[in-house]
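Listed here are the chains, written in short residue letters.
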Amino acid sequence: MVAPTTPETKVVFKRPESFTDVTTHYCPGCTHGVAHRLVAEVIDEMGLREKTIGVAPVGCSVFAYKYFNMDFVEAAHGRAPAMATGIKRVLPQKTIFTYQGDGDLASIGMAEIMHAAARGENISVIFINNAIFGMTGGQMAPTTLPGMKTTSSPFGRDVELTGFPIRMSEMLATMDGAGYIVRRSLHDAKHIRQSKKAIRMAIETQERGLGFSMVELLSSCPTNWKVAPDEALKFIAESMIPVFPLGDYKVRPELAGLRV
Amino acid sequence: MAKELLKGNEAFAEAAIRAGCEGFYGYPITPSTEFLEYMAKRMPQLGRAFVQAESEVAAINMVYGGACTGKRVMTASSSPGVSLMMEGISYIAGTEVPAVIVNVMRGGPGLGNIAPSQGDYHQMVKGGGHGDYFPIVLAPASVQEAIDYISLAFDLADKYRNIVHVIVDGNMGQMMEPAELPPMRELPKDPPSWAVTGAEGRQPNFLSSIYIDPADEEVTNIRLVKRWMEIEKNEIRYSEYLMEDAEFAVIGFGTAGRVASSAIRAAREEGVKVGLFRPITLAPFPKKQIEEISKRVKRILVVEMNTGMMLDDVAAIVQGRVPVEFYGRLGGMTPFPDEILDEIRRVADNKAPINGDARAEWISRLEKIVEEGR
Ligand SMILES: Cc1ncc(C[n+]2csc(CCOP(=O)(O)OP(=O)(O)O)c2C)c(N)n1
Ligand code: SF4
Ligand SMILES: [Mg+2]
């Protein structure tokens, strides 16, 4: 983006340098794009763009690499934490983050995420929990709410047959290797600002070598939830948050005094 | 450096380190575990990366990540573990990053056993993972050869940005042999231009196996197969033993080839003009050399420690010019030289020429041998 040159204009909002000037492929009302932007802003603010390597998942954000103006790799479904580990261990000075959906992270990639946290792998994970497999057209995810209709739970998720939603943040917080684990939401401006702070904290955790960090973001999928975008945001606030309470699940004491 | 008595797996691991391996990611499995244990000790001493992964699935994806940084990285495993790695191997191939995978093969299918086998020939040589790709496959037959070929594996992987499998069997992983290690190579100072290292002062690099438009994937497949044809032209390797005047050729790789060489020496003493052709690159396969051999010998005997997987490849090249017979032990059984000697005699006498399928004939004889042994 070209900066305006007239002296009386002041730039108050611009595309982060860590973001490419590309229209995303996300559906209208999808908060994947919001999450991307927050990550890009944080990396800009911390001046880390030229030392960051992102790891994209398989899911709707499979093309995340197109939107971030930095080195990127594209992992196999669920394997982003392993791939990030492989990178971080040979390039320990670089900043490595994965960006993963709930199918990617909590279903097929459960082993990889748990063990990355257990090892205290110095990477940051942005976890997009939209309670559904978005990319494949709306099947049940491990995070799908009880009673929620999906294409593979067409009568509503029956917990007798399919079990209960998995709360990843709570579970990962039990790992001694985890430095910073929080859950935030993207359903309104206030929560988006809180989400950004959390992303900043996660990267700060990594930069300080304090172990594994993850920000779980409750996110919308109006397309597969089959609701309008504003309804989708309301669904997060009213239906998702009660099942996935927002909060700080693990914050290493070294981070307690940090204000971002 | 002089020859020392070296343990297979440990020597292979040290060879990898000396070839500049900066990251090892693995999961324990017999009969390859000493490889990982050696790395666990040595890599941290050198300030290099070692991770015991939670599974072979994770291990290969760590290799994938490490490979994307342009550093020399690897894993070592054994058959069931390598099966689990096939997803990641396919992604590595599709992303065109270099990686070295050592498979110390054991008896199967399934959990099978921990005894030496060559039953992964198809999985390793023909690809194993999904999609259209071509791994380079090296099959050394001694500790020394494995040391040398592990070094070469890294060079070939880098040169072609290709997967290189080094396949040995449990015999070689576990044996001790006099061998010489090469000197420690210096690590490269700069990463290759394609690597992800943080886009400092340059355009971002992006590494992926995704080509969502089939037209782009087709272009990628063309690039991969053209690279493969280049590899086929440049990288064929094999060893010949007493082949100059041979009337009969034994063809076998790895341990099977090595055991056959003892049988061949004994047969020569009996006046049988037999020699050994031992492919070292199973992919690319020495097709032209085998074709030439089939034009000058009377009969060929293929020996393997599987049900005749390479046999099919040899037969396809020979095209019926001369009879191709087969001898193989299965399930983790290692052949004895005198068993192969018997077969060489039989093939040379031609008292019972095969009529029909070489595999079927051998298996019916093997059944009797197994029956008698019980
Ligand atoms: C090994 C493998 N299995 C299945 C798939 C198909 N697949 C692609 S994305 C996906 C689920 C994605 O859901 P999620 O991670 O929640 O991401 P979202 O699209 O919701 O952002 C599945 C099952 C695949 N690509 N690879
Ligand atoms: S399918 Fe859902 S998660 Fe995927 S882009 Fe559309 S709204 Fe977003
Ligand atoms: Mg999802």
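Structure's up top.
Residues numbered from 1 in each chain as written. Chains lettered and ligands numbered in written order. Predicted model: local features only at pLDDT ≥ 70, side-chain atom pairs only at ≥ 80, totals over all residues. Heavy atoms only, no water.

### What to know about the side chain of Gln206 of chain A
Residues and elements named next belong to chain A.
Point 1. Assignment of secondary structure puts Gln206 in helix α8 (residues 189-207).
Point 2. Taking the relative accessible area as the measure of exposure, Gln206 reaches 3% and is therefore buried.
Point 3. Within the structure, Gln206 has its side chain in polar contact with the side chain of Lys88 (distance 3.0 Å).
Point 4. If we ignore the near neighbours within four places in the chain, the residues touching Gln206 are Lys88, Lys94, Thr95, Ile96, Asn122, Ile123 and Ser124. (Helix = DSSP H or I, 4+ residues; strand = E, 2+ residues; numbered from the N terminus. Buried < 20%, exposed > 50% of the residue type's maximum accessible area, 1.4 Å probe, protein only. Polar contact = N/O pair within 3.5 Å; in protein donor to acceptor, adjacent residues only side chain to side chain. Contact = heavy atoms within 4.5 Å.)

### A short note on the site of ligand 1
Point 1. The immediate surroundings of ligand 1 are formed by 17 residues, with Cys60, Gly103, Asp104, Gly134 and Met135 of chain A found nearest.
Point 2. More than one chain lines the surroundings of ligand 1; the residues nearby belong to chains A and B.
Point 3. Within the backbone of Asp104 of chain A, an N or O atom sits 2.7 Å from an oxygen atom of ligand 1.
Point 4. In this structure, Ile132 of chain A approaches ligand 1 through a main-chain N or O atom, which is 3.0 Å from an oxygen atom.
Point 5. Across the complex, the protein chains shield 77% of the 590 Å² of accessible surface that ligand 1 would expose by itself.
Point 6. Going through the elements one at a time, α4 (102-108) and β5 (132-133) of chain A are the ones with two or more residues in the shell around ligand 1.
Point 7. At four residues, α4 of chain A tops the list of elements feeding residues into the shell around ligand 1.
Point 8. Counted by class, the shell around ligand 1 contains six nonpolar, eight polar and three charged residues. (Near = heavy atom within 4 Å. Areas by Shrake-Rupley, 256 points an atom, 1.4 Å probe, with all protein chains shown as cover. Nonpolar A, V, L, I, M, F, W, Y, C, P; charged D, E, K, R; others polar.)

### A short note on the pattern of salt bridges
Point 1. Going through the model one piece at a time under the given rule, you end up with 47 salt bridges over all chains.
Point 2. Among the ionic pairs, Glu96 of chain B bridges to Arg227 of chain B, the shortest N-O distance being 2.6 Å. With a gap of 131 residues between them, Glu96 of chain B in the loop between α4 (79-95) and β5 (99-105) and Arg227 of chain B in helix α8 (residues 214-234) connect regions that are remote in the sequence. Taken as a pair, Glu96 of chain B and Arg227 of chain B share a single burial class, namely buried.
Point 3. For the salt bridge of Asp312 of chain B with Arg359 of chain B, the shortest nitrogen-to-oxygen distance reads 3.0 Å. With Asp312 of chain B in helix α11 (residues 309-318) and Arg359 of chain B in helix α13 (residues 358-373), this pair connects stretches of sequence that are 47 residues apart.
Point 4. When its relative accessible area of 37% is taken as the criterion, Asp312 of chain B is described as partly exposed.
Point 5. Linked through salt bridges whose partners overlap, the residues forming this network are Arg37, Glu41, Glu45 and Lys196 of chain A. (Salt bridge = Lys/Arg side-chain N within 4 Å of Asp/Glu carboxyl O.)

Read these as geometric descriptors, not functional statements.
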